[in-house]
Amino acid sequence: MPADLDPRLLRSFVTVAEELHFTRAAARLYVSQQALSRDVRRLERELGAELFVRTTRQVTLTGDGERLLPYARRVLRAQDELLAACGPARPLLVDVNSPGLGTPRRVLHRARELAPELELMARFESGLTGAAGELLAGRLDVSFGRFAGLGPALRAGLEQQPVRYEPMAVILPEGHRLAALERVPLAALAGESVYAGAGNPRTPEWTDLAHRLFEGRGIEVAAPFPLAIGEEEFQRMMAKTGNPVLAVVEFPPLPGSVRRPLVDPVPLSPVSLVWRRGFGHPGLTALRRAAALIGAENGWLRRPSDGWIPVIDAEVMTVHD
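Since we're looking at a predicted model, the values are computed, not measured.

Undergrad: I'm lost on the nonpolar core in this one. Help?
TA: Within soluble globular proteins, side chains that are nonpolar tend to cluster in buried spots. Residues Val184, Leu189, Trp206, Leu213, Phe214, Leu246 and Leu262 are the most contacted members of the largest nonpolar core, which totals 24 residues. Listing elements by their share of this core, those giving two or more residues are strand S6 (158–173), helix H8 (204–214), strand S10 (245–248) and strand S11 (257–263). Per element, the largest residue contribution to this core is five residues, and it comes from H8. Residues in contact with leucine 262, not counting those within four places in the same chain, are Met168, Ala169, Val170, Val184, Leu186, Leu189, Leu246 and Pro267. Counting 23 residues, the second-largest nonpolar core is a separate cluster that includes Ala115, Val142, Phe279 and Ala291.

Put into structure tokens, the structure is as follows:
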């Protein structure tokens, strides 16, 4: 066994292990595929063990590779923490989805209060699927959203902390037949086409949640329309189509519309804090603590007795570090 190991070699190994694809791993590390392959081969020589089985169709971990992976992640996390402790931490890039969404913004504000010496910079990626690629590439550090709605390949490279079961709502034009109600029963939406981001490549996890909620209730997911960027364009498209819009209870108000909570049952949007697997930063620690504190204060992770959530989401939201 070698007396020491270059952390760069371990980072190359972990990235390939998470992607199980050398080209994608090289893109994440901003190196050529040839350089990445050399690093992995060098690590295998130094350890005297084969870490991957490579064929023309797939890359898989060997038994030695599976045993090494948790130790390598631990070493890299410790290195990140050491570098952060020995000097000013770089700014943490935090995706809060959009400027007006309440849950991510509240967690970010509390984290800034807990760690005023750190720089936590907000970003607006509008959708966890869209943000996940940026997280894996290292161009973004943290995001929020429905973790169970990501594909298995994306989830494999990410970690998450459940934050909130956020009650869902519907946004209605002021003249809509249901606008006068204080709360809208799901059954009252039967026959409606409700916009839930269909066709938006950055938010398929939200559209999938809508499909699961509407199934068997006579509610349709509205057909895709051109992606509206900004409040003014979104409001214009909403007025043009007249479709209700699926949202959450803290969605910012829009002129010419009303926001009404959904009931009977109360559908819940599962929100997690999401980051790149193995990533360490004092700002992430502050965000995780902030989410836990606010959640405890407001009962964010208590599911109401009449709450609805897909089974797949319930399973993900019960997983805690």
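Back to the write-up after that little detour.
Undergrad: I tried to follow the side chain of aspartate 313 on my own but got confused; where do I start?
TA: With respect to the helices and strands, aspartate 313 occurs in helix H11 (residues 311–317). Excluding anything up to four places from it in sequence, aspartate 313 contacts Arg146, Ala148, Leu209 and Pro270.

Undergrad: What is the right way to read the packing of helix H5 (residues 102–114) against helix H10 (residues 282–298) from this model?
TA: Each pair of packed helices can be described by the angle between their axes along with the distance between the axes. Orientation of H5 relative to H10, taken along the N-to-C sense of each, is 115°, at an axis distance of 8 Å. The two elements H5 and H10 meet at a crossing, and its hand is right-handed. Contact residues: Arg106, Val107, Leu108, Arg110, Ala111 and Leu114 in H5; Ala286, Leu287, Arg289, Ala290, Ala291, Leu293, Ile294, Glu297 and Asn298 in H10.

Undergrad: Can you help me understand the packing of aromatic side chains in this one?
TA: The relative placement of two aromatic rings is captured by the distance of their centres and the angle of their planes. Following the criterion strictly, the structure yields two aromatic pairs and no others. A centroid spacing of 5.5 Å and a plane angle of 50° characterise the contact between phenylalanine 13 and phenylalanine 52, whose relative ring orientation is tilted. In this pair, phenylalanine 13 is assigned in helix H1 (residues 7–19) and phenylalanine 52 in strand S1 (residues 52–54), connecting sequence segments 39 residues apart. Pair check on accessibility: phenylalanine 13 and phenylalanine 52 agree, each one buried. Measuring from centroid to centroid gives 6.1 Å for phenylalanine 22 and phenylalanine 52, while their planes differ by 70°, and the two rings are edge-to-face.

Undergrad: So what exactly am I meant to see when it comes to the pairing of strand S5 (residues 142–145) here?
TA: Regular strands place their side chains on alternate faces of the sheet. Side chains of S5 alternate between two faces, with Val142 and Phe144 and Ser143 and Gly145 buried alike. Bridge analysis of S5 against strand S12 (residues 266–276) gives four bridges, and the strand direction is antiparallel. Directly across from phenylalanine 144, in S12, lies its bridge partner leucine 273.

Undergrad: Would you mind going over helix H3 (residues 33–47) with me for this structure?
TA: Along its 15 residues, H3 runs 21 Å from first to last C-alpha, staying within 8% of the 21 Å computed at 1.5 Å per residue. Where H3 is concerned, the buried positions are Ala35, Leu36, Ser37, Asp39, Val40, Leu43, Glu44 and Leu47. A positive phi of about 65° marks glycine 48, the residue just after H3.

Undergrad: What's the story with the pattern of salt bridges in this structure? I'm lost.
TA: Note that side chains of opposite charge can pair when their charged atoms are close. As enumerated under the stated definition, the model contains 19 salt bridges in all. Among the salt bridges present, the one from arginine 54 reaches glutamate 44, with a minimum N-O distance of 3.2 Å. Taken together, the residues span a long stretch of sequence, with arginine 54 in strand S1 and glutamate 44 in helix H3 at a distance of 10 residues. On the basis of relative accessible area, arginine 54 is assigned to the partly exposed category, the value being 37%. Residue class for glutamate 44 comes out buried when judged on its relative accessible area of 11%. Arginine 164 is the salt-bridge partner of glutamate 250, the closest N and O atoms lying 3.1 Å from each other. Of this pair, glutamate 250 sits in the loop between S10 and S11 while arginine 164 is found in strand S6, placing the two residues 86 residues apart along the sequence. Through salt bridges with shared partners, one network takes in Arg106, Arg164, Glu166 and Glu250.

Undergrad: What exactly am I supposed to notice about the environment of leucine 140 here?
TA: Among the secondary structure elements, leucine 140 is positioned in the loop between helix H6 (128–137) and S5. A relative accessible area of 1% means that leucine 140 is categorised as buried. Between the C-alpha atoms of leucine 140 and glycine 216, which are 76 residues apart in sequence, the distance is 38 Å. Not counting the four nearest positions on each side in its chain, leucine 140 is found in contact with Leu93, Asp95, Arg123, Glu125, Ala131, Glu134, Leu135 and Arg276.

What counts and what doesn't
Chains are numbered independently. Their residues run from 1 in the order of the written sequence. Residues qualify for local features only when their pLDDT is at least 70, as the model is predicted, and side-chain atom pairs are given and counted only at 80 or more; totals for whole chains, interfaces and linings, by contrast, use all residues. With hydrogens and water set aside, each side-chain value is computed from the structure's full complement of heavy atoms. Definition used in this section: a nonpolar core is a set of buried Ala, Val, Leu, Ile, Met, Phe, Trp, Tyr and Cys residues joined via side-chain atoms within 4.5 Å. Exposure categories follow from relative accessible area, calculated using a 1.4 Å probe and restricted to protein chains: below 20% of the type maximum is buried, above 50% is exposed, and the middle band is partly exposed. Where helices and strands are cited, they refer to DSSP runs of H or I of at least four residues and of E of at least two residues respectively, numbered from the N terminus. Contact between two residues is taken to exist if any of their heavy atoms lie within 4.5 Å; hydrogens are not considered. Axis lines are fitted to C-alpha atoms, over the contacting stretch for helices. Their N-to-C directions set the angle, which ranges from 0 to 180 degrees. Whether a crossing is left-handed or right-handed is set by the direction in which the near helix is turned from the far one by less than a right angle, anticlockwise for left-handed and clockwise for right-handed. Two rings belonging to Phe, Tyr or Trp (six-membered ring only in the last case) form a pair when the distance between their centres is within 6.5 Å. Interplanar angles under 30 degrees mark stacking, angles over 60 mark edge-to-face geometry, and anything in between is tilted. Between any two strands, pairing holds if DSSP finds at least two bridges. An expected span of 1.5 Å times one less than the residue number is assigned to each helix. What makes a salt bridge here is a side-chain nitrogen of Lys or Arg within 4 Å of a carboxyl oxygen of Asp or Glu, nothing more.

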